[in-house]
Amino acid sequence: MKTTIFKNTKISYNEQGKGTAVVLLHGFLENQSMWDAFVPEFSKKYRVITIDLLGHGQTECLGYIHSMEDQADMVHHVLHELKIRKAILVGHSMGGYVALAFAELYPDNMKGLVLLNSTSRADSDERKLNRDRAIVAVKQNYATFVRMSIANLFSEDNRERLDEQIEKVKIEALKTPLQGIVASLEGMKIRNDREVILHFATYPIQLLLGKKDGVLIYEDNLEQIEGTKVKLTSFADGHMSHIENKKQLMKVLLEFFKSV
């Protein structure tokens, strides 16, 4: 594990392999360990960078709100430290929001973009209310909130089948400090709509969605790519494609990297 300092905050990241840089960004309540099954394969041909986002994993909290721009600036800091000029960014869920903020702030550093179970659109008013409710809930009962949040990310059909893996995800999620959770919820709530990137980006973009995603409604997410060159791949299951549809995801990502 490597560390760097960004705005007096310790950032934890890892790199492996040589070649085109691929940056893997985890989602809310996750950390870079979510990519453990993918790094050995990807690093055979690519330079793979995994980063713990602000307030997650071994990375410290920066403040009361971790905006997507803060997160993107931190990712840029890590890439600058590694002397990486252009990279393919892959973001799961909140990691996708961070990747989009990065794409807006640092378009010249983009080689390709993958949004995994993520969206370019801002939160609806209803979702913003749900974020506020989540902040209240996690402050009242941290462990219950985390465990329930993780279970809901998997499609109902998979909850028994993947019982062991889900338990592991919960254990990792429970390492996330309360401040990190609240700061991310606040940051996601105020994030900008970045659908315009999907229409005008000069680099290839891939959108990966789960048809039974309980967090991001599948049909709503198809609208954002109408009239764009964004490539869509749909999986049969929920929000956690890296676990629920691991083999298919591995294949699709490797094909995308090769095509960039």
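Placed above this text is the structure.
Residues numbered from 1 in each chain as written. Predicted model: local features only at pLDDT ≥ 70, side-chain atom pairs only at ≥ 80, totals over all residues. Heavy atoms only, no water.

Draft legend 1. Structural detail: the sheet that holds strand 4 (residues 47–51). With mixed pairing, the eight strands of this open sheet are ordered in space as 1-2-4-3-5-6-7-8. Edge positions in the open sheet fall to strand 1 (2–6) and strand 8 (231–235), since each of these has one partner strand only. When the angles between neighbouring strand axes are averaged without regard to direction, this sheet yields 20°. Across five bridges, strand 3 (residues 21–25) lies against strand 4 in parallel orientation. Residue pairing across strands places A21 opposite R47, the latter belonging to strand 4. In this fold helix 3 (residues 94–105) packs onto strand 3, strand 5 (87–92) and strand 6 (110–116), with an angle of close to 145° to the strand it touches most, strand 5. Here helix 12 (residues 246–259) sits on the sheet in contact with strand 3, strand 5, strand 6, strand 7 (205–210) and strand 8, set at roughly 170° to strand 7. (Pairing = 2+ DSSP bridges. Helix = DSSP H or I, 4+ residues; strand = E, 2+ residues; numbered from the N terminus. Axes fitted to C-alpha atoms, helices over the stretch in contact; angles between N-to-C directions. Contact = heavy atoms within 4.5 Å.)

Draft legend 2. View of helix 5 (residues 142–151). Burial in helix 5 covers these residues: F145, V146, S149, I150 and A151. On its buried face, helix 5 is in contact with helix 4 (125–140), helix 6 (158–161), helix 7 (163–173) and helix 8 (178–189). (Buried < 20%, exposed > 50% of the residue type's maximum accessible area, 1.4 Å probe, protein only.)

Draft legend 3. Broad picture of the pairing of strand 3. For strand 3, the buried fraction is high: five of the five residues fall into the buried class. Side-chain alternation along strand 3 places A21, V23 and L25 on one buried face and V22 and L24 on a second face that is also buried. Note that strand 3 and strand 5 share five bridges and pair parallel. When the sheet's bridge partners are listed, A21 is paired in strand 5 with A87.

Draft legend 4. Quick peek at the environment of E226. With respect to the secondary-structure elements, E226 resides in the loop between helix 10 (218–223) and strand 8. Classification of E226 by relative accessible area gives exposed; the value is 55%. E226 sits 70 residues away from E156 along the chain, and the two C-alpha atoms are 29 Å apart.

Draft legend 5. Highlighting the nonpolar core. With 62 residues, the main nonpolar core has I51 and V75 as its most contacted residues. The leading source of residues in this core is helix 3, at eight residues. In this structure, I51 is in contact with I11, S12, Y13, V23, L24, L25, H26, Q32, M74, V75 and V78, ignoring residues within four places of it in sequence. Within the second largest apolar cluster, 21 residues are counted, among which are V48, V90, L253 and F257. (Core = buried A, V, L, I, M, F, W, Y, C linked by side-chain atoms within 4.5 Å.)

Draft legend 6. Spatial organisation of helix 7. The complete set of buried residues in helix 7 reads I166, V169, K170 and A173. Here the buried residues of helix 7 occupy an arc of 100° about the axis, which is enough to place them on one side. Among the exposed residues of helix 7, those oriented more than 90 degrees off its buried face are E164 and K168. Each element contacted by the buried residues of helix 7 is listed here: helix 5, helix 6 and helix 11 (241–244). (Arc of directions from axis to C-beta.)

Draft legend 7. Structural view of the environment of L79. Along the polypeptide, L79 turns up in helix 2 (residues 68–81). For L79, a relative accessible area of 2% puts it in the buried group. Separated by 132 residues in the primary sequence, L79 and K211 place their C-alpha atoms 33 Å from one another. Contact partners of L79, with chain neighbours within four places excluded, come to V23, I84, A87 and F102.

Draft legend 8. Quick peek at the environment of A183. Counting through the fold element by element, A183 comes out in helix 8. On a C-alpha basis, the gap between A183 and G96 in space is 17 Å, while along the polypeptide they are 87 residues apart. Those residues in contact with A183, other than ones at most four positions away along the chain, are G63, Y64, I65 and H66.

Draft legend 9. Seen up close, the packing of helix 5 against helix 8. It is at 12 Å that the axes of helix 5 and helix 8 come closest, and there the two elements cross at 55°. As the angle between them shows, helix 5 and helix 8 are arranged oblique. In the packing of helix 5 onto helix 8, the handedness of the crossing is left-handed. Of helix 8, the residues touching helix 5 (which contributes Y142, F145 and V146) are L178, I181 and L185. In terms of residue class, the contact of helix 5 with helix 8 is built from six nonpolar, no polar and no charged. (Parallel < 35°, antiparallel > 145°, perpendicular 65-115°, else oblique. Left-handed = near helix turned anticlockwise from the far one by under 90°. Nonpolar A, V, L, I, M, F, W, Y, C, P; charged D, E, K, R; others polar.)

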